[in-house]
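# Analysis of the macromolecular model
Here is how the chains run, residue by residue.
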Amino acid sequence: MQALLLLGSAAPVTAQDPRIAARFPAAVAIRLSSIVDSAGHDGLPTDPLVLRALEGQVKSATTEQIVAAMNRLRSALSVSRRTLGADASSVELTTAAAALQAGVPENRLVELHQLRGTLSVTAPLSAYLDLTSRGAAPDAAWDRIATLAKRHASDAEFGRITPADVGTKKPGRSGGGPTAEEQ
Amino acid sequence: MKAAGLLAMAMIAAGTSAAAQVRFETGGGASHLDQMASSPLTSVAGGVAGYIRNTRFQLDGNSDDHVGVGVSGSVSGLLHAQFNPGAWHVEVGPSARGGRDIGAAWARSMSGDIAAERSLGPVTVRGGWQFGVATTGGGHSSFYRPDFSADIRLGNFTFSPTWQSVVIHDSILAVRFVSDTMNSERDTSYRARTRDVRDVGFGLKWATGALSMSGHVTRRFGAGIVAQTWWEGSAALRLTPFASLVTKSGRIASEPVLGLRGGKYTTVGLRVDMLPHVAPHPAAERANRAVVERIGHEGVRLRFTLPASVRHATLASDLTDWKPIALSRTDDGRWEVVLSAKSGIHRVNISADDGPWLAPPGLPAADDGFGANVGLLVVED
């Protein structure tokens, strides 16, 4: 009985994600799974990490590239968890991590979390990323997001902002005017 | 197909209605042409293909040096207008070909082409009709060439049954010498014959990431034709986004219209695909914006506008566990897919005609961490 207990304690405590096991050679799958397991032990969502590995596989990335990408995402998820707290949902953490990886400073994440209170930061962060990727100036876009967050706007209101709105509200800001497609 | 995919994706990335793709390929190996001795082979090939609004142009050429035996080569070009009536893709226009067999003069042909194609999810069907005239060393010909083929995509595999018929009416220059005891003179005349060549084949392509492989087997038969089977296999390994290591081997059939001989060959070479940078046009970008439509709380319909030249498109995303799935062409010529999606930010890439994974047109793009871009799809509740 004691031997069985010893054997049990030496065995891996978590099962490998079947998607990783199915799409990577065994040695690579073990390496990637260790990153996933480690994140899980820290209370971070593991699905985004599995999906990042699968993305690397379909894009023919090297194992080192995949490991690096997973570690960067794990780090961003850790920052998101620290900033948004233990109650943050997996979707919130994933969105916040995407925002951090897109260059949103951590202090802005903190500011948005404080402004939103108990409301999710998913919609405003999604809107911010959408605006900046469509050519809106980051500062102008953030001002618009923060203004709406201060008055506890609904998720739908964030989704309705366009780069033209950002430009109209902040015409003097560099890059805050309407993008080429709206001209 | 690879070049077409790159070209299409260049247009997608640029968001314009004009682009060009330049391809250069060189290789070495061995060849054994019919009725010729085996020899080392060096080959160079190149091509340019592009689109200006709804007109597609393509020019290709190659020269093969069968060392110690002779040089053969060919050039071809086309200029096709493109239309998209409903979910169909139709091309109409002229094309021309020239070819030179070892020790022979250049043969040439001109034709008018019409082709139609439709994508039905993972299946693409196409048919065409070509009518033309040719001049070879042996005389003149007229020909018509109906063809039908399909691509059936299952995961990383594409199965392609093909059927093609070429009916050639030859006017053959006949020369004979008539002599009697006093005079000798040449009698020159034309005589006619008709050849009916039918090719039935099956192709298979497989691609994953940087590696792609393809092969086909075709059986030729018909009136006045010696039945024969030929095959061809190739593999390409993408070394960089623009350079690929390519190896090919096979037995190619004779070309009946231009009278080019067939043979066996094996080559290893390098292919370079060059993409130009084309600045996006605001109007094009506006027209190309992706449509994201929520279906209930669990689904989302994505619609993309891709260049008219795109034959088939696939999407991979965290919403599909990064398994490629085929997009369907809609009646208005767009490409769409319906997926299960929870709210939040999702990562999406699409590939056109087996080209590289790029951010979909009309979606915000970000660095994917693997040296390329990924589209960011915002799904709201």
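To be clear, the structure that these remarks concern was listed above.
Below, the structure is looked at part by part. Since the structure is predicted, the reported quantities are computational estimates derived from the model, not experimental observations. (Residues numbered from 1 in each chain as written. Chains lettered and ligands numbered in written order. Predicted model: local features only at pLDDT ≥ 70, side-chain atom pairs only at ≥ 80, totals over all residues.)

### A closer look at unusual backbone geometry
- At Asp321(B), a residue that is not glycine, the phi angle is positive and equals roughly 55°.
- Structurally, Asp321(B) is set in the loop between strand E17 (313–317) and strand E18 (325–326). (Helix = DSSP H or I, 4+ residues; strand = E, 2+ residues; numbered from the N terminus.)

### Some points on the interface of chain B and chain A
- Contacts between chain B and chain A engage 26 residues on the former and 30 residues on the latter.
- Counting residues per element, the ones that place at least two in the side of chain B that touches chain A are helix H2 (282–287), strand E21 (344–352), strand E22 (365–367) and strand E23 (373–379) of chain B. (Contact = placed C-beta atoms within 7 Å.)

### Observations concerning the pairing of strand E16 (residues 299–304) of chain B
Residue and element names in this part refer to chain B.
- Burial along E16 is one-sided: the face carrying Val300, Leu302 and Phe304 is buried and the face carrying Gly299, Arg301 and Arg303 is not.
- Of the pairings in the sheet, the one linking strand E15 (residues 291–295) to E16 comprises five bridges and is antiparallel in character. Of the residues in E16, the one forming a bridge with isoleucine 295 is glycine 299.
- Linking E15 to E16, which pair antiparallel, is a turn of three residues; within it glycine 296 sits at a positive phi near 65°.
- Examined bridge by bridge, E16 and strand E20 (residues 335–340) share six bridges and lie antiparallel to one another. Looking across to E20, one finds that glycine 299 is bridged to serine 340. (Buried ≥ 20, exposed ≤ 12 C-beta atoms within 10 Å, placed from the backbone. Pairing = 2+ DSSP bridges.)

### Quick notes on the packing of helix H3 (residues 26–41) of chain A against helix H5 (residues 63–84) of chain A
Residues and elements named next belong to chain A.
- One way to put it is that H3 packs onto H5 with a least axis distance of 11 Å and a crossing angle of 5°. Taken together, the axis directions place H3 and H5 in an arrangement best described as roughly parallel. Along its contact with H3, which presents Val28, Arg31, Leu32, Ile35 and Ala39, the element H5 presents Thr63, Ile66, Val67, Met70, Asn71, Arg74 and Leu77.
- In the contact of H3 with H5, the residues fall into eight nonpolar, two polar and two charged. (Axes fitted to C-alpha atoms, helices over the stretch in contact; angles between N-to-C directions. Parallel < 35°, antiparallel > 145°, perpendicular 65-115°, else oblique. Nonpolar A, V, L, I, M, F, W, Y, C, P; charged D, E, K, R; others polar.)

### Some words on the nonpolar core
All names here are of chain A.
- Grouped together as the largest cluster of nonpolar side chains are 76 residues, with contacts concentrated most on Ala96, Tyr128 and Ala141.
- Of the residues forming this core, the biggest block, seven residues, is contributed by H5.
- Discounting residues that sit within four places of it in the chain, alanine 96 has contacts with Ser80, Thr83, Leu84, Leu109, Val121 and Leu125. (Core = buried A, V, L, I, M, F, W, Y, C linked by C-beta atoms within 7 Å.)

### A few points about the sheet that holds E21(B)
- Spatial ordering of the open sheet is given by E18-E17-E21-E23-E22 (chain B), a layout of five strands whose pairing is antiparallel. Each edge of the open sheet is held by one strand with a lone partner, namely E18 and E22 of chain B.
- Relative to E23(B), E22(B) runs antiparallel, the two sharing three bridges. When the sheet's bridge partners are listed, Asp367(B) is paired in E23(B) with Asn373(B).
- Relative to the sheet, helix H8 (residues 122–133) of chain A contacts E21, E22 and E23 of chain B, its axis offset from that of E23(B) by approximately 135°.

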